[in-house]
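Residues per chain, in single letters:
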Amino acid sequence: MTDPSPSTSPLADVLGRIAAAAKAAGRDPKAVTLVAVSKQQPWEAIEPILKAGQTTFGENRVQEAQGRWAERREGLTLHLIGPLQTNKTREALALFDVIETLDRPKLAKVLAEEIQHAGRAPRLYVQVNTGEEPQKAGVIPGEVDAFIAACRGEFGLTVEGLMCIPPHDEEPSMHFALLAKIAARNGLTKLSMGMSGDFETAVRFGATSVRVGSALFGERIPRPGEG
Ligand SMILES: *Cc1c(COP(=O)(O)O)cnc(C)c1O
């Protein structure tokens, strides 16, 4: 995964693979956005990708993202792809263009209030826990239609898409297919699915954005207390 041929950069390699997967599926390669996941990466790893023209980045922690991007966010599109604490909502709204991890009524309520306060809204995706894993964030499939309806009705939010992180020990295809099905029946057009190990499969199943970290930047620096 992390050994592109010497003649191409990792960015060109990943973009080429996305385009090839899209074409093979009869899709327009431009319909798939690469979200470069820069969490836990040293600046030396990020800078070449930024210089090569990549403008969409994903981060999973608000504070870490602020440190990395707040002073240089002009012209960029930033996606929050990690869990959002309600007490970080205001900061998240100030930094991110897309929040992919809307997953509970309390967060929907606070987001709605903070959007009013800020006078601008990020694009919102609902995270679905397609594998129903207890340790993972996201709404379980059996509850997601009602949750989307509540986001729209009760909280007045515009939901644009869905996001999932399949269990890492399962074939991802069925999870991608499930996410696409839930999106279709709820009239949602955006699907954030696929990571370094499976983004081509995700494109085949209709991903409109893929979140790729290690295949672009190399291994992440572990956070203290994390392996
Ligand atoms: C870290 C992360 C990624 C990127 O994972 P890679 O396997 O390095 O591509 C994608 N999505 C989410 C939600 C992540 O937290």
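Scroll up a little and you will see the structure.
Keep in mind that this is a model prediction, so the values were computed, not measured.

The rules behind the values
Residues numbered from 1 in each chain as written. Predicted model: local features only at pLDDT ≥ 70, side-chain atom pairs only at ≥ 80, totals over all residues. Heavy atoms only, no water. Near = heavy atom within 4 Å. Polar contact = N/O pair within 3.5 Å; in protein donor to acceptor, adjacent residues only side chain to side chain. Areas by Shrake-Rupley, 256 points an atom, 1.4 Å probe, with all protein chains shown as cover. Nonpolar A, V, L, I, M, F, W, Y, C, P; charged D, E, K, R; others polar. Core = buried A, V, L, I, M, F, W, Y, C linked by side-chain atoms within 4.5 Å. Buried < 20%, exposed > 50% of the residue type's maximum accessible area, 1.4 Å probe, protein only. Contact = heavy atoms within 4.5 Å. 1 Å grid on protein atoms, 1.4 Å probe; cavity = no way out; pocket = protein on both sides within 12 Å on 5 of 7 lines; lining within 4 Å. Points joined across faces, edges and corners; volume = space filled by probe spheres on them. Helix = DSSP H or I, 4+ residues; strand = E, 2+ residues; numbered from the N terminus. Pairing = 2+ DSSP bridges. Right-handed = clockwise from strand over helix to strand, strands pointing away.

Q: Explain the site of the ligand here, please?
A: Close to the ligand lie Val37, Lys39, Ile81, Ile165, Met195, Ser196, Arg211, Val212, Gly213, Ser214 and Arg220. Between the ligand and Ser196, the relevant distance is 2.5 Å, taken from an oxygen atom to a side-chain nitrogen or oxygen of the residue. Contacts to the ligand include Gly213, whose backbone N or O atom sits 2.8 Å from an oxygen atom. In the complex, the protein chains occlude 90% of the 390 Å² of accessible area that the ligand would expose alone. Of the residues that constitute the shell around the ligand, the class distribution is five nonpolar, three polar and three charged.

Q: Would you explain the nonpolar core in this entry?
A: Generally speaking, soluble globular proteins have nonpolar side chains that are buried together. Judged by nonpolar contacts, the single largest core of 59 residues is most densely connected at Leu102, Val126 and Leu162. Among all residues touching Leu162, those that are not within four sequence positions of it are Tyr125, Val126, Val128, Ile148, Leu179, Ile182, Ala183, Leu188, Lys190, Leu191 and Ser192.

Q: What is the right way to read the layout of surface pockets from this model?
A: Any empty space left between atoms is shown by rolling a water-sized probe over those atoms. When its volume is computed, the second largest pocket comes out at roughly 160 Å³. Along its surface, the second largest pocket is lined by Ala112, Ile115, Gln116, Ala121, Pro122, Arg123, Leu124, Phe155, Gly156, Leu157, Thr158 and Glu160. Every element with two or more residues in the lining of the second largest pocket is listed here: α5 (105-118) and β5 (123-128). Of the residues forming the lining of the second largest pocket, the biggest block, three residues, is contributed by α5. When grouped by side-chain class, the residues that make up the lining of the second largest pocket number seven nonpolar, three polar and two charged.

Q: What is the right way to read the pairing of strand β6 (residues 159-164) from this model?
A: Burial analysis of β6 places five of its six residues in the buried class, the great majority of the element. Across five bridges, β5 lies against β6 in parallel orientation. Residue pairing in the sheet places Val126 in a bridge with Leu162 of β6. Two strands pair when backbone bridges link them, and β6 and strand β7 (residues 190-192) are joined in this way by three bridges, in the parallel orientation. The partner of Met163 across the bridge, within β7, is Ser192. Remark: the β6/helix α7 (residues 173-185)/β7 crossover connection has right-handed handedness.

Q: Hey, could you run me through the pairing of strand β4 (residues 98-102) in this one?
A: A regular strand carries its side chains on alternate faces of the sheet. When you tally the buried positions in β4, you get five out of five residues, the bulk of the element. Bridge count between strand β3 (residues 77-80) and β4: two bridges; the pairing is parallel. Bridge pairing in β4 links His79 to Val98. Once you follow β3 into helix α4 (residues 89-95) and on to β4, the crossover reads as right-handed. In this sheet, β5 lies alongside β4 in parallel orientation, the contact comprising three bridges. Each bridged residue has a counterpart across the sheet, and for Leu102 the counterpart in β5 is Val126. Following the chain from β4 across α5 to the adjacent parallel β5, one finds a crossover that is right-handed.

None of the figures reported here should be taken as evidence of function without further support.
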